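Spelled out, the chains give:
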Amino acid sequence: MNELQLRIVRCPPFADQRMGTAGLRKKVRVFQQPHYLETFIQAVLDTLQLPPGAMLVLGGDGRYFNREALQVLMRLTAAAGVRHLVVGQHGLLSTPAASNLIRMRKAHGGFLLTASHNPGGPDGDFGIKFNMPNGGQAPESVTEAILRASQSLQGYRIAELPAIDLSRCGVQQHGPLVIEVVDPVADYQQLMERLFDFDRMAGWVRAGNRIVFDAFHGITGPYAQRILGGMLGASPADLLHTDPLPDFGGLHPDPNPVEGRHLVELCAGPDAPALAAASDGDGDRNMILGPACPVSPGDSVAIMLDGASLVPGYRQGLPGVARSMPTSRALDRVAAGLGIPCFETPTGWRFFCNLLEAGRIGLCGEESFGTGSYHAREKDGLWAVLFWINLLAARGDTVPGIVTAHWRRYGRHYYQRHDYEIPDAASAARLMEALRSRVVALGGTALGGGRVELADDFHYHDPVDGSESPRQGVRILMDDGARIVYRLSGTGTSGATLRTYLEQYQRDPAGLFCNPGEVLAPLGRLAASVAAIETHTGLRQPTMIV
Ligand code: VG1
Ligand code: CO
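Caption draft 1: View of the overall build of the chain. Looking only at helices and strands, one finds 17 helices and 27 strands in the chain. For 546 residues, the compact-globule estimate of 2.2 N^0.38 gives 24 Å, and the C-alpha radius of gyration of the chain, at 23 Å, lies within 12% of that figure. Long-range contacts, defined here as pairs at least 24 residues apart, represent 73% of the contacts in the chain between residues at least 6 apart. When the accessible surface of the chain is summed, it comes to about 20200 Å², and 52% of that surface belongs to carbon and sulfur atoms. For the chain, the distance from the average position of its 50 positive side-chain charges to the average position of its 55 negative side-chain charges is 2 Å.

Shown next, in the form of structure tokens:
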């Protein structure tokens, strides 16, 4: 068998390859600079020290630069001694499907090419995540080591390979390197079949319950066609934007009520389907709506836990659950009722992985339209849609029926996120520092008509590996069930985004059906004044409310 021809390329290091909340995200043009992509991949490979002959999973969400980056990845990983690459056909794999493949194939890890819900195209964003052998994103200790490696690299090693054809499934041999091109949907579909009652769900669709799903020209189209269309019988006309496109067809694949306003409008009208849903660019987020009833992500995960015993993959009970700190505390109430622990972690899926791996939790979620379970080590958009379909079919109820019953039983957590886009990152940093310096003194004081019960900068102590993650967001908890959380986004590619998260608990049955915007407006004003947002940034209003 021929050896691979290796070439060493010398170049100065880059200083800015720190991974954020979920991987390294930069403008496509930054990744297109000579040596930029190669340096980062080399830094990952140097840090990991994979055993000779290792196996890796590669794939992405199909966005602009995916194809070119994959060819580079194959050549660098081959040069590092990897001998088996499992690659999604056409270079495509959804984030949860990639996580599953890494686990199923017992690979040594995987590179996921995606900037998730960030815009795509030549002027948009690109990104890379590295996932570990457990299928979850590299933890902070590893991403920091990768950063250090990238900052001292003097070059990289690349193998000479022909342009690899990824258009057909099957095994190719290039000298000692095996490249296995796989159907991106098949293993994922089998995984879903093990978790859900597809007969019952298909019966529910046959009974006239219509599902509308929007893939925003991201990765989930092929998955939705095969699973929602093929297995459940959803009408092809109701599966929208299902071909993955490099620029997402000009859409912004971010499943929230702003980008998905057409679904909100559809559900508000007379032709509302029984369930409408959407996912993001890389397939790990979900938005769920029913007739005149958008479901907030915090409610969604709480309702899933409440109904988990009706879904085959969860019938055996769950050891515990988790939510990211800014996510609403609706989940905590259901967990308390079941007598199971509810962990509170920093933002970003990687913090759930230790808990999932240790069997401490079986279900988890984030306010940012992300929900997942023990079945993978990433959040999973289509899985959440299937979970809801199974729940609807098993309960024989509607989305609004399930949601209002939930509020009546547990009370309602009114919830909104106000984002402020701040062009000058330095002033955003100053705002957070000023807030940090005074937050502790707020404890016990009167604020906005209530009393502050707890005020701090969230510090996470990982109960599994003992690692510490300080400074994960400023939170102010009031004695009347209100809460404000502040943090800076870790997924943007220019300027800074301040996220303020607002929550107000309402137990009174007479107050369950108010407009969230109206309920939370005073808290939004309080949040802006406590952080002096206008003084620091000049912004008088949030840039986006979800
Ligand atoms: C955002 C969300 C966070 C999510 C992350 C990745 O991070 O707030 O909850 O885990 O995106 O989601 P940030 O740092 O911008 O707030 V995605 O779908 O990348 O994969
Ligand atoms: Co995503």
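Next comes the rest of the description.
Caption draft 2: Up close: the domain arrangement of the chain. For the chain, the assigned domains are domain 1 (6-184), domain 2 (187-410) and domain 3 (412-545). Listed as interface residues are 27 residues of domain 2 and, on the opposing side, 28 residues of domain 3. Here domain 2 meets domain 3 over a buried area of about 2500 Å², counting both sides, of which 57% is carbon and sulfur. Of all residues in domain 2, Met325, Arg329 and Trp407 bury the most surface against domain 3, accounting for 28% of the area lost on that side. Our count for the domain 2 to domain 3 interface comes out at 3 salt bridges. Across the salt bridge formed by Arg329 and Glu503, the nearest N and O atoms sit 3.2 Å from each other. At the boundary of domain 2 and domain 3, one finds 14 residue pairs in polar contact (both at pLDDT 80 or more).

Caption draft 3: The site of ligand 1, seen in detail. Taken together, the neighbourhood of ligand 1 is formed by 20 residues, with Thr21, Arg25, Ser116, Gly490 and Thr491 sitting nearest. For ligand 1, an oxygen atom lies 3.0 Å from a polar atom in the side chain of Lys379. Within the backbone of Gly490, an N or O atom sits 2.6 Å from an oxygen atom of ligand 1. The residue makeup of the shell around ligand 1, split by class, is 1 nonpolar, 9 polar and 10 charged.

Caption draft 4: Broad picture of the packing of helix H4 (residues 95-104) against helix H6 (residues 186-195). It is the contact of H4 with H6, at a shortest axis distance of 9 Å, that shows an interaxial angle of 90 degrees. Compared by their axis directions, H4 and H6 come out roughly perpendicular. Two secondary-structure elements touch here, H4 through Pro96, Ala97, Asn100, Leu101 and Met104 and H6 through Asp187, Tyr188, Leu191 and Arg194. Of the residues that constitute the contact of H4 with H6, the class distribution is 6 nonpolar, 1 polar and 2 charged.

Caption draft 5: Summary view of the sheet that holds strand S14 (residues 293-295). Spatial ordering of the open sheet is given by S11-S10-S12-S13-S14, a layout of 5 strands whose pairing is mixed. Unpaired on one side and paired on the other, strand S11 (239-240) and S14 mark the two borders of the sheet. Pairing of strand S12 (residues 275-278) with strand S13 (residues 287-290), which is carried by 3 bridges, proceeds in the antiparallel orientation. Across the sheet, the residue bridging to Ala277 is Ile288, located in S13. In the packing of helix H9 (residues 261-268) onto the sheet, contacts are made with strand S10 (211-214), S11, S12 and S13, and the angle to S13 comes to roughly 20 degrees.

Caption draft 6: Geometry of the sheet that holds strand S8 (residues 170-174). A sheet is described by the order of its strands in space; here 7 strands give the open sequence S2-S6-S5-S3-S4-S9-S8, paired in mixed fashion. Either end of the sheet is taken by a strand with one partner, and the two such strands are strand S2 (24-27) and S8. Averaged over all pairs of adjacent strands, the angle between strand axes in this sheet comes to 20 degrees, irrespective of strand direction.

Caption draft 7: Summary view of the coordination of the cobalt ion (ligand 2). Surrounding the cobalt ion (ligand 2) are the protein donor atoms Ser116 (OG), Asp280 (OD), Asp282 (OD) and Asp284 (OD), at 2.0 to 2.1 Å. Of note is the cobalt ion (ligand 2), whose 6 donor atoms meet at the metal with angles of 55 to 175 degrees in an arrangement that counts as irregular. Read N to C, the donor residues that coordinate the cobalt ion (ligand 2) are spaced as S-x163-D-x1-D-x1-D. With a gap of 166 residues between them, Ser116 in the loop between strand S5 (110-113) and strand S6 (125-131) and Asp282 in the loop between S12 and S13 connect regions that are remote in the sequence.

Caption draft 8: Spatial organisation of the side chain of Asn118. Mapped onto the secondary structure, Asn118 falls in the loop between S5 and S6. For Asn118, a relative accessible area of 6% gives the class buried. Only 3.1 Å separates the side chain of Asn118 from the backbone oxygen of Thr491, close enough to count as a polar contact. Look past the residues within four positions of Asn118 in its chain and what remains in contact with it is Arg25, Arg63, Asp125, Phe248, His252, Pro253, Thr491 and Thr493.

Caption draft 9: A look at helix H15 (residues 425-439). Along its 15 residues, H15 runs 21 Å from first to last C-alpha, staying within 8% of the 21 Å computed at 1.5 Å per residue. Buried within H15 are the following residues: Ser427, Ala428, Leu431, Met432, Leu435, Arg436 and Val439.

Caption draft 10: Quick look at the pattern of salt bridges. A full pass over the atoms with the stated rule returns 34 salt bridges. In this structure, Asp125 and Lys27 form a salt bridge, with 3.3 Å as the shortest nitrogen-oxygen distance. A residue pair is termed long-range when its members are at least 10 positions apart, and Asp125 in strand S6 and Lys27 in strand S2 qualify at 98 residues. For Lys27, a relative accessible area of 30% translates into the label partly exposed.

Caption draft 11: Examining the nonpolar core more closely. If you look at the biggest cluster of nonpolar residues, it comprises 73 residues, and the most contacted ones within it are Met192, Phe196, Leu228, Trp383 and Trp388. With 11 residues, helix H13 (residues 381-395) is the single largest residue contributor to this core. Residues lining this core come from more than one domain, with at least three contributed by each of domain 1 (6-184) and domain 2 (187-410). Leaving out residues up to four positions away in the same chain, Met192 has contacts with Phe198, Ile227, His375, Asp380, Trp383 and Leu386. One finds Phe14, Phe65, Phe111 and Val142 within the second-largest nonpolar core, a separate group that totals 52 residues.

Procedures and definitions
- Residues numbered from 1 in each chain as written.
- Chains lettered and ligands numbered in written order.
- Predicted model: local features only at pLDDT ≥ 70, side-chain atom pairs only at ≥ 80, totals over all residues.
- Heavy atoms only, no water.
- Helix = DSSP H or I, 4+ residues; strand = E, 2+ residues; numbered from the N terminus.
- Rg over C-alpha atoms; globule rule 2.2 N^0.38 Å.
- Contact = heavy atoms within 4.5 Å.
- Areas by Shrake-Rupley, 256 points an atom, 1.4 Å probe, with all protein chains shown as cover.
- Lys, Arg positive; Asp, Glu negative; His and termini not counted.
- Charge placed at Lys NZ, Arg CZ, Asp CG, Glu CD.
- Domains from an automatic or database assignment.
- Buried area = accessible area lost by both parts, 1.4 Å probe.
- Salt bridge = Lys/Arg side-chain N within 4 Å of Asp/Glu carboxyl O.
- Polar contact = N/O pair within 3.5 Å; in protein donor to acceptor, adjacent residues only side chain to side chain.
- Near = heavy atom within 4 Å.
- Nonpolar A, V, L, I, M, F, W, Y, C, P; charged D, E, K, R; others polar.
- Axes fitted to C-alpha atoms, helices over the stretch in contact; angles between N-to-C directions.
- Parallel < 35°, antiparallel > 145°, perpendicular 65-115°, else oblique.
- Pairing = 2+ DSSP bridges.
- Donors = N, O, S within 2.8 Å, 3.2 Å for Na, K, Ca; no water.
- Tetrahedral: all angles 85-135°; square planar, octahedral: opposite > 155°, others 65-115°.
- Buried < 20%, exposed > 50% of the residue type's maximum accessible area, 1.4 Å probe, protein only.
- Expected span 1.5 Å × (residues − 1).
- Core = buried A, V, L, I, M, F, W, Y, C linked by side-chain atoms within 4.5 Å.

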